[in-house]
Amino acid sequence: MENQRPLILVSNDDGIMSKGISELIKFIRPLAEVVVMAPDMARSGTACSLTTNEPIHYSLLRKDVGLTVYKCSGTPTDCVKLAFHTVLDRKPDLVIGGINHGDNSSVNVHYSGTMGVVIEGCLKGVPSIGFSLCSHEPDADFEPAGPYVRDIVRLVLEKGLPPLTCLNVNFPDTKELKGVKICRQTQGQWKNEWENFAHRNDTHYYWLTGEFEDTDADNEQTDHWALANGYVAVTPTTVDATAYGLMDELKNWF
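Residues numbered from 1 in each chain as written. Predicted model: local features only at pLDDT ≥ 70, side-chain atom pairs only at ≥ 80, totals over all residues. Heavy atoms only, no water.

1. A closer look at the pairing of strand β4 (residues 67–72)
For β4, the buried fraction is high: five of the six residues fall into the buried class. In this antiparallel pair of consecutive strands, strand β3 (residues 58–64) and β4, the connection spans two residues, and Gly66 shows a positive phi of 80°. (Buried < 20%, exposed > 50% of the residue type's maximum accessible area, 1.4 Å probe, protein only. Helix = DSSP H or I, 4+ residues; strand = E, 2+ residues; numbered from the N terminus. Pairing = 2+ DSSP bridges.)

2. Section: unusual backbone geometry
Following Gly98, the chain continues into Ile99 via a peptide bond in cis, with omega recorded as -10°. Relative to the assigned elements, Ile99 resides in strand β5 (residues 94–101). A positive phi angle, near 50°, is found at Ala47, a position not held by glycine. Considering the arrangement of structural elements, one finds Ala47 in the loop between β2 (33–39) and β3.

3. Some details on the nonpolar core
With 34 residues, the main nonpolar core has Ile28, Val36, Phe131, Val149 and Val153 as its most contacted residues. Counting residues in each nonpolar core, the second largest holds 15 residues, with Val35, Leu82, Ala83 and Val95 among its members. (Core = buried A, V, L, I, M, F, W, Y, C linked by side-chain atoms within 4.5 Å.)

4. Some points on the pairing of β2
For β2, the buried fraction is high: seven of the seven residues fall into the buried class. Bridge count for strand β1 (residues 7–11) against β2 is four bridges, and the pairing is parallel. Within β2, the position partnered with Leu9 by the bridge is Val35. Of the crossover connections in this fold, the one passing from β1 over helix α1 (residues 19–28) to the parallel β2 is right-handed. Summarising the sheet, β2 and β4 pair through six bridges and their orientation is parallel. What sits directly across from Val34, in β4, is Leu67. (Right-handed = clockwise from strand over helix to strand, strands pointing away.)

5. Some thoughts on the packing of helix α2 (residues 76–85) against helix α3 (residues 113–123)
Relative to each other, α2 and α3 sit at 30°, their axes nearing to 8 Å. Between α2 and α3, the angle is such that the two are roughly parallel. Of the two possible hands of crossing, α2 and α3 adopt the one that is right-handed. In this structure, α2 contributes Pro76, Thr77, Val80 and Lys81 to the contact, and α3 contributes Gly113, Gly116, Val117, Glu120 and Gly121. A per-class count over the contact of α2 with α3 returns three nonpolar, four polar and two charged. (Axes fitted to C-alpha atoms, helices over the stretch in contact; angles between N-to-C directions. Parallel < 35°, antiparallel > 145°, perpendicular 65-115°, else oblique. Left-handed = near helix turned anticlockwise from the far one by under 90°. Contact = heavy atoms within 4.5 Å. Nonpolar A, V, L, I, M, F, W, Y, C, P; charged D, E, K, R; others polar.)

6. What to know about the environment of Asp141
Note that Asp141 resides in the loop between β6 (128–133) and α4 (146–159). The sequence separation of Asp141 and Asp173 amounts to 32 residues, and the corresponding C-alpha distance is 7.8 Å. Excluding residues within four positions of it along the chain, Asp141 makes contact with Leu133 and Lys175. Engagement of the side chain of Asp141 in a polar contact is seen with the backbone nitrogen of Glu143, the distance being 3.1 Å. Only 2.8 Å separates the side chain of Asp141 from the side chain of Lys175, close enough to count as a polar contact. (Polar contact = N/O pair within 3.5 Å; in protein donor to acceptor, adjacent residues only side chain to side chain.)

7. So, the packing of aromatic side chains
Evaluation of the coordinates by the stated rule reveals four aromatic pairs. Their ring planes at 20° and their centres at 6.1 Å tell us that Phe131 and Phe171 sit as a pair that is stacked. Taken together, the residues Phe131 in strand β6 and Phe171 in strand β7 (residues 165–171) connect sequence positions 40 residues apart. For the pair shown, Phe131 and Phe171 are each scored as buried. (Phe/Tyr/Trp six-rings, centres within 6.5 Å; stacked < 30°, edge-to-face > 60°.)

8. Describing the sheet that holds β3
Across the sheet, which stays open at both edges, the nine strands sit in the order β3-β4-β2-β1-β5-β6-β7-β13-β8 with mixed pairing between neighbours. Looking along the sheet, the strands with just one partner apiece sit at the ends: β3 and β8 (180–182). The average undirected angle you get between the axes of adjacent strands in this sheet is 20°. When β3 meets β4, the two strands line up antiparallel, connected through six bridges. What sits directly across from Ser59, in β4, is Lys71.

9. Details of the side chain of Asn168
By the secondary structure assignment, Asn168 is in strand β7. Look at Asn168 and you get buried, because its relative accessible area is 2%. Among the polar contacts made by the side chain of Asn168, one reaches the main-chain carbonyl oxygen of Asn104 at a distance of 2.9 Å.

10. Digging into the packing of α1 against α4
Relative to each other, α1 and α4 sit at 60°, their axes nearing to 9 Å. As the angle between them shows, α1 and α4 are arranged oblique. Considering the relative orientation of α1 and α4, their crossing is right-handed. Here α1 contributes Leu24, Phe27 and Ile28 to the contact with α4, which in turn contributes Gly146, Val149, Arg150 and Val153.

This is the structure we're talking about:
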């Protein structure tokens, strides 16, 4: 590896063959040495899950100047852990997940394998960013996001991020982006999450589906509002799950 350049570790949850990760590599490659370790198939919705009941395997797919690409049989979080343990010869300057095919704003941050990549990087003390586009199309157009990806990556490489804090960045699926909005996570929840799917006369089969209920849709401070109005939504996200505001009250309880 070229030690004089920054080092970025990349993974995703859509799999190594997805367009999103290829576009991400294209956007960031001029900025740093890039190492990719991504799942060998799509593993969306895996959050920070780990493979614990069987061994996982990785293999080299490509090695060029400034770019090394591996595929891995594990989850997105497995990929980050294994890359740190095996293929990286130094601590990366940045960990990036994405670019995801689909929205990871609001509560989706808790389900997202893309953000699983980011949270694992963050837990390892590395500035980390998740990028997602609000389109599930395999051939989605990522080009409008390119300048923003490069600018955000450049700024984080330059300025860093606070400990245990990462960025969740979502792009609306539009050719005309209005700029960046710094947002908070939208409040809401998924409803009607299962659709019955009878299989061989057995009615106990269900497909995961759902409708998102946005409980503060008109709040201009939220990531959903930003995306609905053509802005890039940047949500600073902490992985410290402590409810500090409740600590003093709980002390009084006990």
